[in-house]
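# Chains, contacts and geometry: an overview
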Amino acid sequence: MLAFAERDGEDAGLWGVTGLLHDADYERFPDMDDAEQGHPRTIMAELRRRDAPPEMVRAIASHADYLGVAAESPMERTLVAVDELCGFLVACAYVRPDGIHGLTPKSVTKKLKQPSFAAAVNRADVRGGAEQLGADFDEHVAFVIAALEARADELDLRGRDAGGAPAS
Ligand SMILES: [Fe+2]
């Protein structure tokens, strides 16, 4: 979200925090059928209580298609376009010795065609998100890989062979 906001001259603080918080209630309230507290209703209510920007709350609603809030603004469409994809790219990185480094759109597409790999990731959402953004799929994937790669250390995506204490 930060990388897209920076690229497009948008509010990186808003976009980054929206990305960070959009699933904040998921582990505790995963039941999407719970109309009171089910994800992401609890985090939306909490953010409203804290006077968070309404566009942040709306974007969080829009990533949950069952809430009937369409992803319309650039931030909303970007959230939908990177959410499932980031999960998938992290899964790809975890099974590679070099982690995120050197991961290509071509190998991502190949892995997307293996239903057993990261089976929880909805392939239609991955494709549909990029389409809704009007992005070429490979270019979109390459941009998100580069964004994750730039933060590989803090995201722990450096790969198995990158262990050891950080240089000081
Ligand atoms: Fe979510």
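Shown above is the structure to which this text applies.
Let me sum up the structure you'll find in this document. (Residues numbered from 1 in each chain as written. Predicted model: local features only at pLDDT ≥ 70, side-chain atom pairs only at ≥ 80, totals over all residues. Heavy atoms only, no water.)

This part is about the overall build of the chain. Helices and strands together make up the secondary structure of the chain, namely eight helices and zero strands. When the helices and strands of the chain are listed from N to C terminus, the series reads α-α-α-α-α-α-α-α. Compactness check: the chain gives a C-alpha radius of gyration of 16 Å against a globular reference of 15 Å for 168 residues, within 12% of the reference. Projected onto its principal axes, the C-alpha coordinates of the chain cover approximately 45 × 40 × 35 Å. A total of 168 residues make up the chain; the buried ones form 38% of that total. A separation threshold of at least 6 residues defines the contact pool for the chain, and within that pool the share at least 24 residues apart is 55%. Accessible surface for the chain amounts to roughly 9,600 Å². Of this, 51% is attributable to carbon and sulfur atoms. (Helix = DSSP H or I, 4+ residues; strand = E, 2+ residues; numbered from the N terminus. Rg over C-alpha atoms; globule rule 2.2 N^0.38 Å. Buried < 20%, exposed > 50% of the residue type's maximum accessible area, 1.4 Å probe, protein only. Contact = heavy atoms within 4.5 Å. Areas by Shrake-Rupley, 256 points an atom, 1.4 Å probe, with all protein chains shown as cover.)

As a further point, take the coordination of the iron ion. At 2.0 to 2.3 Å from the iron ion lie its protein donor atoms, namely Asp23 (OD), His39 (NE2) and His63 (NE2). Here the donor residues of the iron ion are spaced in sequence according to D-x15-H-x23-H. Of the two residues, Asp23 sits in the loop between helix 2 (12-21) and helix 3 (41-49) while His39 sits in the loop between helix 2 and helix 3, which places them 16 residues apart along the sequence. Given the relative accessible area of 3%, His39 is considered buried. (Donors = N, O, S within 2.8 Å, 3.2 Å for Na, K, Ca; no water.)

Our next topic: the nonpolar core. Membership of the largest hydrophobic core comes to 39 residues, with the highest contact counts inside it found for Leu89, Ile100 and Val108. Those elements that provide at least two residues to this core are helix 1 (2-8), helix 2, helix 3, helix 4 (54-62), helix 5 (74-94), helix 6 (105-112), helix 7 (123-132) and helix 8 (137-149). Ranked by residues supplied to this core, first place goes to helix 5 with nine residues. (Core = buried A, V, L, I, M, F, W, Y, C linked by side-chain atoms within 4.5 Å.)

A separate point is the pattern of salt bridges. One pass over the full model with this rule turns up seven salt bridges. The shortest N-O distance in the salt bridge between Glu46 and Arg50 comes to 2.6 Å. The class of Glu46 is partly exposed, set by a relative accessible area of 26%. Under the relative-accessibility criterion, Arg50 is labelled exposed at 58%. Here Glu72 makes a salt bridge to Arg58, at a shortest N to O gap of 3.5 Å. Note that Glu72 is positioned in the loop between helix 4 and helix 5 and Arg58 in helix 4, a separation of 14 residues in sequence. Its relative accessible area of 53% is what places Glu72 among the exposed residues. Assessed through its relative accessible area of 32%, Arg58 is described here as partly exposed. (Salt bridge = Lys/Arg side-chain N within 4 Å of Asp/Glu carboxyl O.)

Before going further, it helps to examine the packing of helix 5 against helix 7. Closest axis-to-axis distance for the helix 5/helix 7 pair is 8 Å, and the angle between their directions is 145°. Taken as a pair, helix 5 and helix 7 cross one another with a handedness that is left-handed. Contact residues: Arg77, Val80, Ala81, Glu84, Leu85 and Phe88 in helix 5; Arg123, Asp125, Val126, Gly129, Ala130 and Gln132 in helix 7. Here the contact of helix 5 with helix 7 is composed, by residue class, of six nonpolar, two polar and four charged. (Axes fitted to C-alpha atoms, helices over the stretch in contact; angles between N-to-C directions. Left-handed = near helix turned anticlockwise from the far one by under 90°. Nonpolar A, V, L, I, M, F, W, Y, C, P; charged D, E, K, R; others polar.)

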